[in-house]
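Spelled out, the chains give:
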Amino acid sequence: MRDTATPTTPTATAGQGRSGRSGRSGRGAAAGRRRRFLPPQHGAWAMLTVPYLAGLLAAGYRWPDLPLLGAWLAGYLLSYYVFQAVKSRRPSRYRAQLWLYGGIAAPLAALVVAARPAVLWYAPAYAALFGLNAWYAARRRERSTFNDLASVAQSCLIALVVATVAGRAPAAVFEAFLLCLAYFAGTVCYVKTMIRERGNAAYRRWSIGYHALALVVAAWLSPWAGALFAVLLLRAALLPGRGWTPKRVGLMEIANCVLLLACVALAL
């Protein structure tokens, strides 16, 4: 008996081919839209979330921390596309992203300010660091080490903002802030020795020297932090030149971020 459910004519077969291509095209278009609205900066998410979580661990949770998180993440996405607009000198290309993330960040930030006006004390520092990032973007030098360190400072300041939202003095989270700052500043040096500066012996020496100094500070803060930073010093000294892929480097840093938060929790 003939199977009439399966098309066998050339026309039907061609239609199936078009349908398959259409499906693949649809998936490709969806991926393109995601890429258009999400920056390809995977390491940035750790810099955004770890200091925020460290601040929560040290200062405790208050309800404005939730809109603060939304404003913080949307603000990062907004700033990324602002810098892209500055770099390209074609802001109209990024109008949709600027309206979307500005429309999310502004009301959430206003809610946080209304609940805790004291967070405005941090505005001058953020404005200065934002201006520095914009200056580097305008000159297409975003990969500068100094620009990366300015971004690290912005990210780590959120721990102090979380303390202010909780109604506590910045001193309450200073240890968490300092550990995050020491760790992420170190990743700027270390990751460059693994990827962009992998053959630069001078850069590797700078990275090792920085991690040795950070180990002294971390050990003074807590024995747990000292143990973690001893491991970070070893990885800065031993891993460059081994041909690790960026993915493998990133996975190791995710594990280090978890250990960093554990150190913050153990220090409480």
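Residues numbered from 1 in each chain as written. Predicted model: local features only at pLDDT ≥ 70, side-chain atom pairs only at ≥ 80, totals over all residues. Heavy atoms only, no water.

Asker: Can you break down the overall build of the protein chain residue by residue, with the values?
Answerer: Assigned secondary structure in the protein chain consists of 10 helices and 0 strands. Counting across all 268 residues of the protein chain, residues that qualify as buried make up 38%. Relative to all contacts within the protein chain whose residues are 6 or more apart in sequence, the contacts with residues 24 or more apart total 74%. Carbon together with sulfur atoms contributes 67% to the accessible area of the protein chain, which is approximately 14,800 Å² in total. (Helix = DSSP H or I, 4+ residues; strand = E, 2+ residues; numbered from the N terminus. Buried < 20%, exposed > 50% of the residue type's maximum accessible area, 1.4 Å probe, protein only. Contact = heavy atoms within 4.5 Å. Areas by Shrake-Rupley, 256 points an atom, 1.4 Å probe, with all protein chains shown as cover.)

Asker: Please provide a residue-by-residue account of the packing of helix α7 (residues 174-194) against helix α10 (residues 246-266), values included.
Answerer: As a packed pair, α7 and α10 sit with axes 11 Å apart at the nearest point and diverge in direction by 165 degrees. If you check the angle between α7 and α10, you find them roughly antiparallel. Crossing geometry of α7 relative to α10 is assigned as right-handed. Across the interface between the two elements, Ala176, Leu179, Cys180, Tyr183, Phe184, Thr187, Tyr190, Val191 and Met194 of α7 pack against Val249, Met252, Glu253, Asn256, Cys257, Leu260 and Val264 of α10. (Axes fitted to C-alpha atoms, helices over the stretch in contact; angles between N-to-C directions. Parallel < 35°, antiparallel > 145°, perpendicular 65-115°, else oblique. Left-handed = near helix turned anticlockwise from the far one by under 90°.)

Asker: Kindly report on the nonpolar core, identifying the contributing residues and their values.
Answerer: Formed by 56 residues in total, the largest nonpolar core has its most connected members in Leu68, Ile158, Val161, Leu179, Phe184 and Phe229. For this core, the element with the most residues is helix α6 (residues 145-165), which contributes 11 residues. Core analysis: the second largest hydrophobic core is formed by 5 residues, Tyr190, Met194, Leu239 and Trp244 among them. (Core = buried A, V, L, I, M, F, W, Y, C linked by side-chain atoms within 4.5 Å.)

Asker: Account for the packing of aromatic side chains, naming residues and giving values.
Answerer: Aromatic rings in a pair are described by how distant their centres are and how their planes are angled relative to each other. Considering all chains together, one arrives at 9 aromatic pairs under this definition. Consider the rings of tryptophan 45 and tyrosine 76, whose centres lie 5.6 Å apart with planes at 80 degrees: the pair is edge-to-face. Taken as a pair, tryptophan 45 in helix α2 (residues 42-59) and tyrosine 76 in helix α3 (residues 65-88) lie far apart in primary sequence, 31 residues in all. Arranged with centres 6.2 Å apart and planes meeting at 35 degrees, the rings of tyrosine 81 and tyrosine 94 form a pair that is tilted. Linking tyrosine 81 in helix α3 with tyrosine 94 in the loop between α3 and α4 (95-115), this pair joins segments that are 13 residues apart in sequence. Under the relative-accessibility criterion, tyrosine 94 is labelled buried at 12%. Ring pairs connect the aromatic residues Tyr80, Tyr81, Tyr94 and Tyr101, which therefore count as one cluster. For the cation-ring pair, arginine 235 lies above tyrosine 190, with the distance from its terminal atom to the ring centre recorded as 3.9 Å. For the cation-ring pair, arginine 248 lies above tryptophan 244, with the distance from its terminal atom to the ring centre recorded as 4.2 Å. (Phe/Tyr/Trp six-rings, centres within 6.5 Å; stacked < 30°, edge-to-face > 60°. Lys NZ or Arg CZ within 6 Å of the ring centre and 35° of its normal.)

Asker: Hey, could you go over α4 for me, with residue numbers and the actual values?
Answerer: In this model, α4 (21 residues) spans 30 Å end to end at C-alpha, consistent with the 30 Å of a helix rising 1.5 Å per residue. Of all the residues in α4, the buried ones are Gln97, Tyr101, Ala105 and Val112. (Expected span 1.5 Å × (residues − 1).)

Asker: Give me the lowdown on unusual backbone geometry, citing residues and values where you can.
Answerer: One non-glycine residue, arginine 89, lies in positive phi territory at about 60 degrees. Inspection of the secondary structure puts arginine 89 in the loop between α3 and α4. Residue arginine 89 is classed as exposed on the basis of its relative accessible area, which comes to 54%. The residue arginine 140 is not glycine, and still its phi comes out positive at about 55 degrees. With respect to the helices, strands and loops of the structure, arginine 140 is situated in the loop between α5 (123-138) and α6.

Asker: Break down the pattern of salt bridges for me, with residues and values.
Answerer: A side chain of one charge can pair with a side chain of the opposite charge when the charged atoms of the two come close. In the structure shown here, the tally under the stated rule is 3 salt bridges. A salt bridge links glutamate 142 to lysine 87; the nearest nitrogen and oxygen atoms lie 2.9 Å apart. Linking glutamate 142 in the loop between α5 and α6 with lysine 87 in helix α3, this pair joins segments that are 55 residues apart in sequence. With its nearest N and O atoms 3.0 Å apart, the salt bridge here joins arginine 235 to glutamate 253. With arginine 235 in helix α9 (residues 223-238) and glutamate 253 in helix α10, this residue pair connects regions lying 18 residues apart in the sequence. Each member of the pair, arginine 235 as well as glutamate 253, carries the same accessibility label: buried. (Salt bridge = Lys/Arg side-chain N within 4 Å of Asp/Glu carboxyl O.)

Asker: Would you mind going over the packing of helix α8 (residues 201-221) against α9 in detail, with residue names and values included?
Answerer: At a closest axis distance of 8 Å, the pairing of α8 and α9 adopts a crossing angle of 170 degrees. The angle between α8 and α9 places the two elements in the roughly antiparallel class. Every residue of α9 that contacts α8 at Arg204, Ser207, Ile208, His211, Ala212, Ala214, Leu215, Ala218 and Ala219 is listed here: Pro223, Ala225, Gly226, Phe229, Ala230, Leu232, Leu233, Arg235, Ala236, Ala237 and Leu238. Here the residues of the contact of α8 with α9 sort into 15 nonpolar, 3 polar and 2 charged. (Nonpolar A, V, L, I, M, F, W, Y, C, P; charged D, E, K, R; others polar.)

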